[in-house]
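# Analysis of the macromolecular model
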Amino acid sequence: MQKYIIILALITMSCKGQNEKNKPTEKATSEIIKTSEFELIKAENQQGLLILFPCFPCDAENTLSEFKIVEISKKNGFSVLAMNLNERLYLNPKEKKELAEKITGIVKEQNLPEKNIFVGGFSSGGNVSLIISDYLVKSKGEIQPKGVFIVDSPVDLLGLYKTAEKNLKLNFSEPSIAESEWIKEMLDTEFGNPENGIANYELNSPFTLETQNIDNLTGIKDLKIRLYTEPDLKWWKENANNDYEDLNAFYIEKLSEKLKTEFGNNNIELIKTENKGFRENGERHPHSWSIVNEQDLINWMKN
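Residues numbered from 1 in each chain as written. Predicted model: local features only at pLDDT ≥ 70, side-chain atom pairs only at ≥ 80, totals over all residues. Heavy atoms only, no water.

### Topic: the overall build of the protein
Looking only at helices and strands, one finds 10 helices and eight strands in the protein. Relative to the compact-globule value of 19 Å for 303 residues, the protein shows a C-alpha radius of gyration of 18 Å, a close match. Dimensions along the principal axes, computed over C-alpha positions, put the protein at roughly 55 × 40 × 35 Å. For the protein, long-range pairs separated by at least 24 residues make up 78% of all intrachain contacts whose partners lie at least 6 apart in sequence. Put simply, the protein shows about 13200 Å² of open surface, and 45% of that area lies on carbon and sulfur atoms. (Helix = DSSP H or I, 4+ residues; strand = E, 2+ residues; numbered from the N terminus. Rg over C-alpha atoms; globule rule 2.2 N^0.38 Å. Contact = heavy atoms within 4.5 Å. Areas by Shrake-Rupley, 256 points an atom, 1.4 Å probe, with all protein chains shown as cover.)

### Considering the packing of helix α3 (residues 93–109) against helix α4 (residues 124–138)
Two elements in contact, α3 and α4, have axes separated by 10 Å at closest approach and are oriented at 80°. Viewed along their axes, α3 and α4 adopt a mutual orientation that is roughly perpendicular. Every residue of α4 that contacts α3 at Lys96, Lys97, Leu99, Ala100 and Ile103 is listed here: Val128, Ile131, Ile132, Tyr135 and Leu136. (Axes fitted to C-alpha atoms, helices over the stretch in contact; angles between N-to-C directions. Parallel < 35°, antiparallel > 145°, perpendicular 65-115°, else oblique.)

### A closer look at the environment of Glu230
By the secondary structure assignment, Glu230 is in the loop between β7 (224–229) and α8 (233–240). Counting along the chain gives 90 residues from Glu230 to Lys140, while the straight-line C-alpha distance between them is 34 Å. Residues contacting Glu230, with those up to four places away along its chain left out, are Asp152, Thr273, Glu274, Asn275, Lys276, Gly277, Arg284, Pro286 and Ile291. Side chain to side chain, Glu230 and Arg284 meet in a polar contact 2.7 Å long. (Polar contact = N/O pair within 3.5 Å; in protein donor to acceptor, adjacent residues only side chain to side chain.)

### A look at the pairing of strand β6 (residues 147–151)
Judged by how many residues are buried, β6 sits mostly within the fold: five of five residues are covered. Burial along β6 is two-sided: the face carrying Gly147, Phe149 and Val151 and the face carrying Val148 and Ile150 are both buried. As paired strands, strand β5 (residues 117–122) and β6 are joined by five bridges and run parallel to one another. Each bridged residue has a counterpart across the sheet, and for Gly120 the counterpart in β6 is Phe149. Between the parallel pair β5 and β6, the chain is carried across by α4, and the sense of this crossover is right-handed. Looking at chain direction, β6 and β7 are connected through five bridges and run parallel. (Buried < 20%, exposed > 50% of the residue type's maximum accessible area, 1.4 Å probe, protein only. Pairing = 2+ DSSP bridges. Right-handed = clockwise from strand over helix to strand, strands pointing away.)

### Remarks on the pattern of salt bridges
By the definition in use, this model includes 24 salt bridges. Residue Lys74 is joined to Glu71 by a salt bridge in which the shortest nitrogen-to-oxygen separation is 3.3 Å. Of this pair, Lys74 and Glu71 both sit in helix α2 (residues 70–75), three residues apart, which is roughly one turn of the helix. Here Lys74 falls in the buried class, since its relative accessible area comes to 13%. Residue Glu71 is classed as partly exposed on the basis of its relative accessible area of 25%. (Salt bridge = Lys/Arg side-chain N within 4 Å of Asp/Glu carboxyl O.)

### Brief notes about the sheet that holds strand β4 (residues 78–83)
Read across the sheet, eight strands follow the order β1-β2-β4-β3-β5-β6-β7-β8 without closing on themselves; strand pairing throughout is mixed. The open sheet has two edge strands with one neighbour each: β1 (31–34) and β8 (268–272). Neighbour-to-neighbour, the strand axes of the sheet open up by a mean angle of 15°, direction not taken into account. Alignment of strand β2 (residues 38–42) against β4, held across four bridges, turns out to be antiparallel. When the sheet's bridge partners are listed, Ile41 is paired in β4 with Val80. Here α4 sits on the sheet in contact with β3 (48–53), β5 and β6, set at roughly 150° to β5.

So far we have only geometry, and geometry alone does not tell us how the molecule works.
Shown next as structure tokens:
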């Protein structure tokens, strides 16, 4: 997939907003390993593993700057593996296999826990988290996740396309127009115009509301699942003139309803926040890692 330079609002988060001075500070007892593929912080007494995927243009460094999870994870015995895999709204079959092998290799080579593994991602990284968790279970790989969570992810790619079309007609703001042009062009290239059929969207999207399709998620039925979103309609109205039905939050809520219907209610949590979304630089934005309460997440992982 070619490099994209447009800063996306609905599905991504600008890395330019991070404060380089506010990177996680690790204690001397931590083992930190950085490669081109990941950044790993090992807990001293490893009881589990948290694997994180970044937003579309972001990387591991940005993830650990925006998401203050490292210290609390270490204190609770969870090592943190922040992946550099980005620029993915979905994974094709080859990418699923390669990523599963890569994760398994890292776990083995770095002597990381093979139990109590949780996978999570922000924005497009949440899509990756859902799809790779589903693949790991279905392929019966050596590494089996115990739970998966997403943070304001564009789980319905057909819905994303429709929102882009609507935004282009609204012609409301330059950022919204630029983003929507990019989304429409990319999805037209990858999957085709939905007017000619939506099979490719269903084949690759975590969820397709129009047909209630969750074929790419049936493997996570027995996992713990959390879906985070901050449906701040006022903010989106002011910045993009969007309605609730245009937001990631709308499709996440519909996905939650579908999963609860198909899987049962016990393991699925929809978490809606209010006024929690802020970037590392202090900018107010409901589409942010900060909507996740780190202590509550760790408690969920431990229980």
